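These are the residues of each chain, in order.
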2 protein chains.
Amino acid sequence: MKAGPLEAGEASKDSSQKHGANRGISILDFILRIIAIVGTLGSAIAMGTTDETLPFVTQFIRFRARYNDLPTFTFFVVANSIVSGYLVLSLPLSIIHIVRSGAKGSRIILIIFDTAMLALLTAGASASAAIVYLAHKGNTRANWSAICQQFNSFCEHISGSLIGSFVGVAVFILLLLLSAVALSRR
Amino acid sequence: MKAGPLEAGEASKDSSQKHGANRGISILDFILRIIAIVGTLGSAIAMGTTDETLPFVTQFIRFRARYNDLPTFTFFVVANSIVSGYLVLSLPLSIIHIVRSGAKGSRIILIIFDTAMLALLTAGASASAAIVYLAHKGNTRANWSAICQQFNSFCEHISGSLIGSFVGVAVFILLLLLSAVALSRR
């Protein structure tokens, strides 16, 4: 390990270039987190406010559909709320990474939590997607009817609220990729 | 950047220590991948071979339940097969990391694919879990009956096959964490 003045200068130039690239990655990281907050929070609110009452009643049943009729949708709202809460809390760390682009420990912490949140969000989104599919198509073999034939507005709401959640999943995959690149470039 | 002989010696010792730690991480990575292969392949096979015919028929319906009666379970089998196939293909790279513990590019490639596969596996597992829950409990509000009351063995099969898949999800989270640590220690 020999370091002449010239090589030392090159090394420092190289290092400052790397820091510049890492700063760009950190800024992108910050923007992506804000997009994910909008997506997941929008999903949680859209699903949480879903409530449709049909304009007729029978003696036995009051035709009303809400998100918490199905436990999967409750899980969806909880998962999206947790993830958007985590994202808000992760913003300060993301800002620190813009300023101190050589940080290592805090990046690993973010990767651990990002991975866990990716799993949680994917679980909520895809479980709900499975139920939404069932609500639209039904299943003749299991004798489950397509409830969307009655509850139109309810079904539009729950289908739409999936979008923000899947955007969040895509953003988390990008975030993990960016973190890995930033960590390797330190 | 001054490097005396003593400091250079320390640096090289430090570097060899880091390589040793990275080798340990790579070996753990290899073992975890094999566990995940067993889990996901077992899940795919357990779900794919699920087939129950009840010992009575009526004029209208032949009481037979198979995994492909529900599209979600087909997705589950496909997702688990893809993930276990990917894991087998990733084993050579994992072995290369044991030998060349300073590798960087190939680790990032593994992180990208591991993240995508984590999302795919979680989606399959949780969508199926939502349907399995419905099969067990039914839903009175949507008028979906609990089919497990008739199809006992079918329900045991599909519930059991979820286990391997969720083990796979946990292993992928660990793998991503290990990769991040190895990348930061280079």
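Residues numbered from 1 in each chain as written. Chains lettered and ligands numbered in written order. Predicted model: local features only at pLDDT ≥ 70, side-chain atom pairs only at ≥ 80, totals over all residues. Heavy atoms only, no water.

Broken down by element type, chain A carries 4 helices and 2 strands. The secondary structure elements of chain A, listed N-terminal to C-terminal, are α-β-β-α-α-α. Counting every position in chain A, which comprises 186 residues, the buried fraction comes to 46%. Put simply, of all contacts in chain A between residues at least 6 apart along the chain, 78% involve residues at least 24 apart. As presented, chain A carries roughly 8900 Å² of accessible surface, and 66% of it is formed by carbon and sulfur atoms. (Helix = DSSP H or I, 4+ residues; strand = E, 2+ residues; numbered from the N terminus. Buried < 20%, exposed > 50% of the residue type's maximum accessible area, 1.4 Å probe, protein only. Contact = heavy atoms within 4.5 Å. Areas by Shrake-Rupley, 256 points an atom, 1.4 Å probe, with all protein chains shown as cover.)

Here we take up the UniProt feature "transmembrane region" (unreviewed entry) in chain A. Residues and elements named next belong to chain A. According to UniProt, the feature "transmembrane region" (unreviewed entry) maps to residues 30-50, 70-96, 108-135 and 162-183 in the numbering used here. Secondary structure content for residues 30-50 is 90% helix and 0% strand, while the C-alpha to C-alpha distance between its ends is 31 Å. End C-alpha atoms of residues 162-183 are separated by 32 Å, and the span's content is 100% helix alongside 0% strand. (UniProt positions renumbered as here; feature names shortened; annotations may be inferred.)

This part is about the environment of Ala130(B). Tracing the chain through its elements places Ala130(B) in helix 3 (residues 105-137). Each C-alpha atom of the pair Ala130(B) and Thr72(B) lies 9.5 Å from the other, and the pair is 58 residues apart in sequence. Every residue in contact with Ala130(B), bar those within four places of it in the chain, is listed here: Thr72(A), Ala127(A) and Ile131(A).

Let's shift gears to the interface of chain A and chain B. Contact residues are listed per partner, giving 40 residues for chain A and 40 residues for chain B. For the pairing of chain A and chain B, the buried interface totals around 3600 Å² over both sides, and the portion due to carbon and sulfur atoms is 72%. Linking chain A with chain B are 2 salt bridges, by the criterion used here. The residue Asp69(A) makes a salt bridge to Arg141(B) at a minimum N-O spacing of 3.2 Å. For the pair chain A and chain B, the number of links is 9 residue pairs in polar contact (both at pLDDT 80 or more). Going through the elements one at a time, helix 1 (5-48), strand 2 (62-66), helix 2 (71-99), helix 3 (105-137) and helix 4 (152-185) of chain A are the ones with two or more residues in the side of chain A that touches chain B. (Buried area = accessible area lost by both parts, 1.4 Å probe. Salt bridge = Lys/Arg side-chain N within 4 Å of Asp/Glu carboxyl O. Polar contact = N/O pair within 3.5 Å; in protein donor to acceptor, adjacent residues only side chain to side chain.)

Right, let's get into the state of the cysteines. All names here are of chain A. For the coordinates displayed, the defined rule picks out 2 disulfides over all chains. Linked covalently through their sulfurs, Cys148 and Cys155 form a disulfide whose S-S length is 1.7 Å. Disulfide Cys148-Cys155: torsion about the S-S bond near -85°, hence left-handed. Comparing Cys148 with Cys155, the two get one shared label, buried. (Disulfide = S-S within 2.5 Å.)

Take the nonpolar core next. Membership of the largest hydrophobic core comes to 46 residues, with the highest contact counts inside it found for Leu87(A), Phe172(A), Leu87(B) and Phe172(B). Breaking this core down by element, the ones donating at least two residues are helix 1, helix 2, helix 3 and helix 4 of chain A together with helix 1 (5-48), helix 2 (71-99), helix 3 and helix 4 (152-185) of chain B. Not counting residues within four places of it along the chain, the set of residues in contact with Phe172(A) comprises Val83(A), Tyr86(A), Leu87(A), Asp114(A), Met117(A), Leu118(A) and Leu121(A). By size, the runner-up hydrophobic cluster in this structure holds 45 residues, among which are Leu54(A), Phe76(A), Leu162(A) and Ile147(B). (Core = buried A, V, L, I, M, F, W, Y, C linked by side-chain atoms within 4.5 Å.)

Another point: the environment of Leu120(B). Residue and element names in this part refer to chain B. Inspection of the secondary structure assignment puts Leu120 in helix 3. Each C-alpha atom, one on Leu120 and one on Ala79, is 6.3 Å from the other, the two residues being 41 residues apart in sequence. Discounting residues that sit within four places of it in the chain, Leu120 has contacts with Phe75, Ala79, Ile82 and Val83.

Quick look at the relation of the copies chain A and chain B now. Relating one copy of the chain to the other takes a rotation about an axis and a shift parallel to that axis. Mapping chain A onto chain B calls for a screw motion: a turn of 180° about the axis and a shift of 0.0 Å along it, with 0.0 Å RMSD after fitting. What the superposition gives is, in effect, a two-fold axis relating one chain to the other. By C-alpha distance to the rotation axis, the residue of chain A lying nearest is Ala127(A), at 1.9 Å. Both copies share a contact surface, since 100% of the interface residues of chain A are interface residues in chain B too. (Least-squares fit on C-alpha atoms with pLDDT ≥ 70 in both.)

Looking now at the pattern of salt bridges. Applying the stated criterion to the full structure yields 6 salt bridges over all chains. One salt bridge connects Arg33(A) with Asp114(A), and the closest N-O pair in it is separated by 3.0 Å. Of the two residues, Arg33(A) sits in helix 1 while Asp114(A) sits in helix 3, which places them 81 residues apart along the sequence. Of the two residues examined, Arg33(A) and Asp114(A), each falls in the buried class. In this structure, Arg33(B) and Asp29(B) form a salt bridge, with 2.7 Å as the shortest nitrogen-oxygen distance. Here Asp29(B) and Arg33(B) lie together in helix 1, a separation of 4 residues that amounts to about one turn. The exposure class assigned to Arg33(B) is buried, which follows from its relative accessible area of 0%. One salt-bridge network, held together by shared partners, links Asp29(A), Arg33(A) and Asp114(A).

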